[in-house]
Amino acid sequence: MTSSHETKKQELPPTAWAVLGLLSFPGERTGYELKKWADSSLRFFYWSPAISQIYAELRRLEELGYAASARSGPEEARAKRRYAITGAGREALSGWAADTAEAGPPVLKHGLLLRIWLGHLAEPERLRAMVGEHLERTRGELAAVREAMEHAGGVPEWAFPALALRWSERQHLAELELGEALLGDLEGLEGAPPVAPAAESDPGAERGSGPRQADGDSPTPG
């Protein structure tokens, strides 16, 4: 591999490796088929790139020699370009997959919790409704995960994807449990007496007396 290819390899984003990973399983696939597979597997534990991103990464992988493509013949009514991993691509992917230092910590961006964090600006009924909607979506995602698990079950080549899907099933079950607990927390908070902020002239605002106030300008240390 040339030094320029080595440099490009180091600059590949995770999405490129994910697309190359989809190609590492037996068979050749179109960009559309890769998108469908990402929607039924990757999105449950990582994310599913847009179809435009998939094609952009396929072009990049071809330039690096990690993937190759060919157009279908006249036997198909509509010409399609199918992609496959190359030997160099499989070697590079194996090296990346084995390098645990590149994995990095999981990143959580929970949109619902961001709104709960701002709950002092919302009506309690709306907060409960948002949690209920989240639980309903999570149940739907859990059903989709289990459908994907059933599809992957018994296929030797998909043994490791099945493990990732099993982890995702547990994660969705945990999310349901957390959501139910959050509903209980919201109900308990609504039952608590309101705490009015102390005025500057109020003797109760002095340290050691009256309701506890936030320390500094942040509700958490730091």
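Residues numbered from 1 in each chain as written. Predicted model: local features only at pLDDT ≥ 70, side-chain atom pairs only at ≥ 80, totals over all residues. Heavy atoms only, no water.

*Asks:* I keep staring at the layout of surface pockets and nothing clicks. Help me out?
*Replies:* The method is simple in principle: a probe with the dimensions of a water molecule rolls over the atoms, and the space it marks as empty is what remains. The volume enclosed by the largest pocket comes to roughly 1,200 Å³. Ala18, Leu42, Phe45, Tyr46 and Trp96 are, among the 31 residues lining the largest pocket, the residues nearest its centre. For the lining of the largest pocket, the secondary structure elements donating two or more residues are α2 (14–23), α5 (87–98) and α8 (159–191). Grouping the constituent residues of the lining of the largest pocket by class yields 22 nonpolar, 6 polar and 3 charged. Taken as a whole, the second largest pocket holds about 960 Å³ of empty space. Residue lining of the second largest pocket: 25 residues in total, with Leu108, Lys109, His110, Gln171 and Glu175 positioned closest to the centre. Those elements that place two or more of their residues in the lining of the second largest pocket are α6 (111–117), α7 (124–152) and α8. Tallying contributions element by element places α8 first for the lining of the second largest pocket, with 8 residues. (1 Å grid on protein atoms, 1.4 Å probe; cavity = no way out; pocket = protein on both sides within 12 Å on 5 of 7 lines; lining within 4 Å. Points joined across faces, edges and corners; volume = space filled by probe spheres on them. Helix = DSSP H or I, 4+ residues; strand = E, 2+ residues; numbered from the N terminus. Nonpolar A, V, L, I, M, F, W, Y, C, P; charged D, E, K, R; others polar.)

*Asks:* For this particular structure, what's the right way to read helix α4 (residues 51–64)?
*Replies:* Because an α-helix completes one turn every 3.6 residues, residues spaced three or four positions apart along the sequence face the same direction. If you check α4, its first and last C-alpha atoms are 20 Å apart, about what 14 residues at 1.5 Å a residue would give, namely 20 Å. For α4, the complete set of buried residues consists of Ile54, Glu57, Leu58, Leu61 and Leu64. The buried side chains of α4 occupy one side of the element, clustering within an arc of 125° when seen end-on. Facing away from the buried side of α4 by over 90 degrees, the exposed positions are Ser52 and Glu63. The positive-phi residue at the C-terminal boundary of α4 is Gly65, with phi of around 85°. (Expected span 1.5 Å × (residues − 1). Buried < 20%, exposed > 50% of the residue type's maximum accessible area, 1.4 Å probe, protein only. Arc of directions from axis to C-beta.)

*Asks:* I keep staring at α8 and nothing clicks. Help me out?
*Replies:* Taking 1.5 Å of rise per residue, the 33 residues of α8 would be expected to cover 48 Å, and the 49 Å separating its terminal C-alpha atoms lies within 8% of that figure. Where α8 is concerned, the buried positions are Ala162, Leu165, Ser168, Glu169, His172, Glu175, Leu176, Gly179, Leu182, Leu183 and Leu186. Buried residues in α8 make contact with α6 and α7. (Contact = heavy atoms within 4.5 Å.)

*Asks:* I'm lost on the packing of aromatic side chains in this one. Help?
*Replies:* A ring pair, where both rings are aromatic, is described by two values, the distance of the centres and the angle of the planes. Applying the stated rule across the entire model yields 4 aromatic pairs. Taking 5.4 Å as the distance between ring centres and 10° as the angle between the ring planes, the aromatic pair formed by Trp17 and Trp96 counts as stacked. Of this pair, Trp17 sits in helix α2 while Trp96 sits in helix α5, placing them 79 residues apart in sequence. Take Trp96: its relative accessible area is 28%, and that puts it in the partly exposed class. Through a chain of ring-to-ring contacts, the aromatic side chains of Trp17, Tyr66 and Trp96 assemble into a single cluster. (Phe/Tyr/Trp six-rings, centres within 6.5 Å; stacked < 30°, edge-to-face > 60°.)

*Asks:* Explain the side chain of Glu57 to me, please; I cannot follow it from the model alone.
*Replies:* Looking at the secondary structure, you find Glu57 in helix α4. Judged by relative accessible area, Glu57 falls into the buried class, the value being 8%. A distance of 2.8 Å separates the side chain of Glu57 from the side chain of Arg60, its partner in a polar contact. Discounting chain neighbours no more than four positions away, the residues touching Glu57 are Pro13, Thr15, Ala16 and Val19. (Polar contact = N/O pair within 3.5 Å; in protein donor to acceptor, adjacent residues only side chain to side chain.)

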